[in-house]
Amino acid sequence: WRLWRCRCRALLSRPAGRLWARRGLAAGPEMHFGFQTVTEEERREKIYQVFESVAKKYDVMNDSMTLGIHRVWKDILMHKMNPSPGTLLLDVAGGTGDIAFRFINYVRSARERQLQRKLKHHQNLSWQEIFESYQKDKFNSLGDSQVVVCDINREMLKVGKQKAQHLGYSEGLSWVLGNAEELPFDSDKFDVYTIAFGIRNVTRVDLALQEAYRVLKPGGRFLCLEFSHVSNPLLSRLYDLYSFQVIPVLGEVIAGDWKSYQYLVESIRRFPPQEDLKAMIEDAGFFKVDYENLNFGIVAIHSGFKL
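This structure is a prediction, so every number in the text was calculated from the model and none was measured.

A word on the overall build of the chain. Within the chain, the secondary structure is distributed over 12 helices and 9 strands. Each of the 307 residues in the chain was classed as buried or not, and the buried ones make up 46%. Counted over contacts in the chain with a minimum sequence separation of 6, partners at least 24 positions apart contribute 73%.

This is the structure:
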C-alpha cells in the first residue's frame, strides 16, 4: 500500500505535458485528457469529439452547470474589454457566439450614445437633419466594428450560426473554422483577442498564446476567461463535490452524455492555476499581464497587452 501511494505521488508530481509515452518517442509527448494520459494527437481528437457531442446542448448545460452565472462572467469580460466603435475583435473557441453577440450589443450601445451626444451638441439641427442622422446610424450601427468567431469544431460553429440567424445578428459578424494553435489570419490584424472557456481545451496552450500575440496589433489586448483555482479551502471542497457528483449527472440527464461532462470537470482541475497561466502569457510576449478572480477564483479573467 505504501509503495503504491509513493508511485502515485511520483506520477502526479510530474509536470503536465512533459511525460513521454512508454510506446516510444514516435508516439509523441503524453498529455492529459481529464485524468487520462494520452498522446497529443489522441487528446486533440478526443476533445473534438467532446464538443461535437455537446454542441447542441452546450448553452443549456452552461446554464445548468453554473446556475446561469456564466452569463454574468461573460458580461464582466465585455465590460473589462470596453470596446469602442471601430474595434476589430477575434473571439477564439467562441463557436456558439456568446462573446460575439455581447460585443455587438455593447458596441451598438456605445454607438447610440455617441450619436446622442453629437445631437445634443447641435441643438439648432432641424427635425429633418436629426432624422437623417439616425437613419445613417441605423445602417452603420457598429461604426465599422467587426467580430470574427474562430472555432476548430464545425458543430459548434453550426450552432453559433443558427443562433445568430435566430437572434438577428448578421452585421459585423463572420465565422471561421480554424485552430487556435495555427490561426488562419495575418499578423498584426486584430485590436482584441478573446478566448472564453476554451484555452484549457487547447492541446498546446503555449502555441495558442504565441498565435494570439502574433495576430494582435501593437497595442492590442488579450483577454482570457477561464475556470481556475478556488482560493478558499472550504469552498474548494464544496466546489469539488458539486463538480464531480452533480455536473456529470446533469450531463447525462440534459445532454445524455455523462463522459463528456466528466471530462469537462476533470479538465478544469488539470488546468494551471492563476499565477502559472499568468507566467505562460508573459512567456508568449505579453506585457502588463494581470488577472481578476471572480467568485473566489472559480473563474478568472487574465489580461495582457502586445506592445
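That was the structure; now back to the text.
This part covers the pattern of salt bridges. Pairing between side chains becomes possible if they bear opposite charge and their charged atoms approach one another. Counted by the stated rule, this structure contains 12 salt bridges. Of the charged contacts, one joins Lys80 and Glu292 as a salt bridge, the two residues approaching to 3.3 Å between their closest N and O atoms. With Lys80 in helix H4 (residues 69-81) and Glu292 in strand S8 (residues 287-294), the pair connects residues that are 212 residues apart, well separated along the chain. A relative accessible area of 24% places Lys80 in the partly exposed class. By relative accessible area, which is 32% here, Glu292 ends up partly exposed. In this structure, Lys163 engages Asp98 in a salt bridge whose closest nitrogen and oxygen atoms are separated by 2.9 Å. Of this pair, Lys163 sits in helix H7 (residues 154-167) while Asp98 sits in helix H5 (residues 98-120); the two residues are 65 residues apart in sequence, bridging distant segments of the chain.

For strand S4 (residues 146-151) and strand S5 (residues 173-177), the ladder comprises 5 bridges, and the chain directions are parallel. By the bridge assignment for S5, Val149 is matched with Trp175. In the classification by handedness, the crossover that spans S4, the intervening H7 and the parallel S5 is right-handed.

Scoring rules and cut-offs
Position labels on residues start from 1 in each chain and follow its written sequence. Two thresholds apply to this predicted model, a pLDDT of at least 70 for residue-level local features and 80 or more for giving and counting side-chain atom pairs, whereas whole-chain, interface and lining totals are computed over all residues. Processing note: side-chain calculations cover all non-hydrogen atoms of the structure and skip hydrogens and water entirely. Here a helix means four or more residues in a row that DSSP labels H or I, a strand means two or more in a row labelled E, and each is numbered from the N terminus. Relative accessibility under 20% of the residue-type maximum defines a buried residue, over 50% an exposed one, and the middle range a partly exposed one, all with a 1.4 Å probe and only protein chains included. What makes two residues a contact is simply this: any of their non-hydrogen atoms within 4.5 Å. When a carboxyl oxygen of Asp or Glu is within 4 Å of a side-chain nitrogen of Lys or Arg, the pair counts as a salt bridge. Note on pairing: DSSP must find at least two bridges between two strands before they are called paired. Think of it like this: strands point away, you trace from the first strand over the helix to the second, and a clockwise trace means the crossover is right-handed.

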